[in-house]
Amino acid sequence: MHDFDELAAFDAIMASGSLTSSARKLGLAKSTLSRRISQLESRLGQPLLRRQANRLIPTEAGLLFHDYCREMLRLASRSREALADLSEAVRGRLTLGVHCGLARSWAAGVAEDFLARHPEVELTLQAREQAECSPESQCVQVWLGEVPTEAGLRAEPLGRLSRHLYASPDYLARHGAPAHPEALAHHPWIDLLGTTHAGLTLHHSEQGAFCFRPPRSRLRVDLPVLHVDAIARGQGIGVLPEWIVAAREAHHPGELVACLPAWRPMPLAVTLLYPYGQRPRRVDALLDCLRRAVPEAWRP
């Protein structure tokens, strides 16, 4: 029967190659860590590590055993998490994947609130440009825009972000404000991740719909904050969610002005993605936290 403290000691040294740094990482004395390695080697009946210069490197037996060591540690971690799910406490590791357009402006604050409520949870927050569609995915995701049709996950609507065309006052003073969507073809267009490359349909309550094919964008950005910055600095016209503009205007008033306010693109859906079936308590707790944190401006 293996001692998991000894396995963790061996795995740490395999990762760092240093007794000193491994002891520091595990919060142990070097003598304690060295003793655990000696005890593990004694149980196995052969050496796992040898010293070369100032590093500890694995023997052939060490390389072979390390794969089994990591698997045993993973199983131990999963068993602890499974048992934790049977208790009333919310604990364990979670991953929250968020569309890059919402990660900084919304999800970061939600993550802080969730961790404050649940001190025994470890949360990884990831800003993503693509949703993870695998039904085996155990992470919770918040997506902005169209959800991939192949996503084998439960898709729960959270809200909708209304949008407008925006420019800076300085840009409009220099180039004039467009009076009709047709005039947009004569203005520089700022594109985000190529989202309007195939066209953008604008809707008017009286004049119907107009399909606008933006001119080739000389500036394309892959982060929403860069998108807003480029429009605010007078580089051209682009489409932005009203909620993001309102947050920007709260700190930098007067930087952005709506163009063609009577012509509106379709709103962007905000969707919560998570696995089907029975979920650990920590996942349900995170889902509840995300639902409670939906801003009023997102609600239809």
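Here, every reference points to the structure presented above.
Residues numbered from 1 in each chain as written. Predicted model: local features only at pLDDT ≥ 70, side-chain atom pairs only at ≥ 80, totals over all residues. Heavy atoms only, no water.

Engineer: Explain the overall build of the protein here, please?
Structural biologist: Broken down by element type, the protein carries nine helices and 15 strands. If you line up the protein on its principal axes, its C-alpha atoms span 85 × 45 × 35 Å. Residue burial in the protein is summarised as follows: out of 300 residues, 43% are buried. Partitioning the intrachain contacts of the protein with sequence separation of at least 6 by distance along the chain shows that 73% fall at a separation of at least 24. As displayed, the protein offers around 16,600 Å² of accessible surface, 51% of which is attributable to carbon and sulfur atoms. If the 35 positive side-chain charges of the protein are averaged to one point and the 33 negative ones to another, these points end up 5 Å apart. (Helix = DSSP H or I, 4+ residues; strand = E, 2+ residues; numbered from the N terminus. Buried < 20%, exposed > 50% of the residue type's maximum accessible area, 1.4 Å probe, protein only. Contact = heavy atoms within 4.5 Å. Areas by Shrake-Rupley, 256 points an atom, 1.4 Å probe, with all protein chains shown as cover. Lys, Arg positive; Asp, Glu negative; His and termini not counted. Charge placed at Lys NZ, Arg CZ, Asp CG, Glu CD.)

Engineer: Could you clarify how one ought to interpret the nonpolar core in this entry?
Structural biologist: Among soluble globular proteins, nonpolar side chains are generally buried collectively. Grouped together as the largest cluster of nonpolar side chains are 40 residues, with contacts concentrated most on L102, W106, V140, V142 and L290. Considering every element that reaches this core, the biggest residue donor is helix α5 (residues 100–117), with seven residues. Once you skip the residues sitting within four places of it in the chain, W106 turns out to touch V142, W243, L290, A293, P295 and W298. Membership of the second largest hydrophobic core comes to 15 residues, among which are L33, L49, A61 and C69. (Core = buried A, V, L, I, M, F, W, Y, C linked by side-chain atoms within 4.5 Å.)

Engineer: Honestly, unusual backbone geometry in this entry has me stumped. Any pointers?
Structural biologist: Across the chain, the bulk of peptide bonds are trans and the bulk of non-glycine residues have phi less than zero. One non-glycine residue with positive phi stands out, namely A53, at about 55°. Assignment of secondary structure puts A53 in the loop between β1 (49–52) and β2 (55–58). Here L260, not a glycine, exhibits a phi torsion of approximately 45°, which is positive. Among the secondary structure elements, L260 is positioned in the loop between β13 (257–259) and β14 (264–265).

Engineer: Would you explain the sheet that holds β14 in this entry?
Structural biologist: Hydrogen bonds along the backbone pair up the strands of a sheet, which may run parallel or antiparallel. The strand order β10-β9-β14 describes an open sheet built from three strands, whose pairing is antiparallel. The sheet is open, and its two borders are formed by β10 (208–212) and β14, each paired with just one other strand. Where strand β9 (residues 200–204) meets β14, two bridges bridge the pair, whose relative direction is antiparallel. From the neighbouring strand, L202 faces β14, where its bridge partner is P265. (Pairing = 2+ DSSP bridges.)

Engineer: What is the right way to read a nonpolar patch on the surface from this model?
Structural biologist: Residues L223, V225 and L226 make up a contiguous nonpolar surface patch of about 210 Å² in total accessible area. Assignment of secondary structure puts L226 in helix α7 (residues 224–232). Given the relative accessible area of 38%, L226 is considered partly exposed. (Patch = residues over 30% accessible without salt bridge, like charges linked within 9 Å, V, L, I, M, F, W, Y side chains within 5 Å. Salt bridge = Lys/Arg side-chain N within 4 Å of Asp/Glu carboxyl O.)

Engineer: How should I be thinking about the environment of R174 in this particular structure?
Structural biologist: Looking at where R174 falls in the secondary structure, it is placed in helix α6 (residues 169–175). Sequence-wise, R174 and A230 are 56 residues apart; in three dimensions their C-alpha atoms are separated by 16 Å. In terms of polar contacts, R174 uses its side chain to reach the side chain of D170, at 3.0 Å. (Polar contact = N/O pair within 3.5 Å; in protein donor to acceptor, adjacent residues only side chain to side chain.)

Engineer: Where do I start with the state of the cysteines in this structure?
Structural biologist: Formally, a disulfide is one covalent bond, and it connects the sulfur atom of one cysteine to the sulfur atom of another. Under the definition given, this model contains zero disulfides. In this structure C289 is a free cysteine whose sulfur lies 16 Å from that of C139, the closest cysteine sulfur available. For C289, a relative accessible area of 2% puts it in the buried group. (Disulfide = S-S within 2.5 Å.)

Engineer: Would you mind going over the environment of P58 with me for this structure?
Structural biologist: On the secondary structure map, P58 appears in strand β2. By relative accessible area, which is 26% here, P58 ends up partly exposed. C-alpha separation for the pair P58 and Q141, spaced 83 residues apart in sequence, amounts to 39 Å.

Engineer: Explanation requested: the environment of I57 in the structure shown.
Structural biologist: The residue I57 is located in strand β2 in this model. Through-space distance from the C-alpha of I57 to that of S18 is 8.9 Å; in sequence the pair is 39 residues apart. When residues no more than four places from it in sequence are discounted, the contact partners of I57 are L48, L49, R50 and Q52.

Engineer: Hey, could you run me through helix α8 (residues 242–251) in this one?
Structural biologist: An α-helix turns once per 3.6 residues; consequently, residues spaced three or four apart project the same way. Among the residues of α8, those classed as buried are W243, I244, V245 and R248. Residues of α8 that are buried in the fold lie against α5, β6 (154–161), β7 (163–167), α7 and β12 (238–241).

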